[in-house]
Amino acid sequence: MRDFILLVISLTILMTYTYIGYLLIVGNTDIQNSMLVYGSVSALAGAVVQYWFGSSKGSSDKDKAISNLTKGDGK
């Protein structure tokens, strides 16, 4: 399910970049508003990449270790 959600978000980001580029080429939009949307989408793209690479096996092992520490297991 996680992979599907990331795929949908990534495709949405690409479509938004394409649409903003189209609007800038056609010239019927304000450039400041377009750049604001472009910056917001860029921040979302960074969050998706961070989630994708931050959710590796090493990260899940770290989560398990922290969970064990909070339970008082200590192993």
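Our structure is the block above this text.
Bear in mind that the values here come from a model prediction, so they are computed numbers and not experimental data. Residue numbers run consecutively from 1 along every chain, following the written order of its sequence. With the structure being a predicted model, the display of local features is reserved for residues of pLDDT at least 70 and the display and counting of side-chain atom pairs for 80 or more, all residues being used for whole-chain, interface and lining totals. Calculated side-chain values reflect all of the structure's heavy atoms, with hydrogen atoms and water omitted.

1. Looking at the overall build of the protein chain
Move 1: Helix numbers and strand numbers start at the N terminus; a helix is a DSSP run of H or I with at least 4 residues, a strand a run of E with at least 2. Helix and strand content of the protein chain: 3 helices and 0 strands.
Move 2: Counting from the amino terminus, the protein chain carries its helices and strands in the arrangement α-α-α.
Move 3: Throughout, the Shrake-Rupley method with a 1.4 Å probe supplies accessible areas, and for residues the shown protein chains are the sole cover considered. Put simply, the protein chain shows about 5900 Å² of open surface, and 66% of that area lies on carbon and sulfur atoms.

2. As for the environment of Ile20
Move 1: Here Ile20 lies in helix H1 (residues 2-26).
Move 2: A C-alpha to C-alpha distance of 8.4 Å links Ile20 and Met35, two positions 15 residues apart in sequence.
Move 3: Beyond its immediate sequence surroundings of up to four residues, Ile20 is in contact with Ser34, Val37 and Tyr38. Here a residue-residue contact requires only that any non-hydrogen atoms of the pair lie within 4.5 Å.

3. Some remarks on the environment of Ser10
Move 1: Mapped onto the elements, Ser10 comes out in helix H1.
Move 2: The rule is simple: take the accessible area with a 1.4 Å probe, protein chains only, and divide by the maximum for that residue type; under 20% is buried, over 50% is exposed, in between is partly exposed. Of the residues examined, Ser10 reaches a relative accessible area of 30% and is grouped as partly exposed.
Move 3: Sequence separation between Ser10 and Val48 is 38 residues; the distance between their C-alpha atoms is 7.6 Å.

4. Describing the nonpolar core
Move 1: Put simply, buried Ala, Val, Leu, Ile, Met, Phe, Trp, Tyr and Cys residues joined by side-chain atoms within 4.5 Å make one nonpolar core. With 5 residues, the main nonpolar core is built from Leu6, Ile13, Val41, Ala45 and Val48.
Move 2: Mapped onto this core, the elements with two or more residues apiece are H1 and helix H2 (31-54).
Move 3: A per-element tally of this core places H2 first, with 3 residues.

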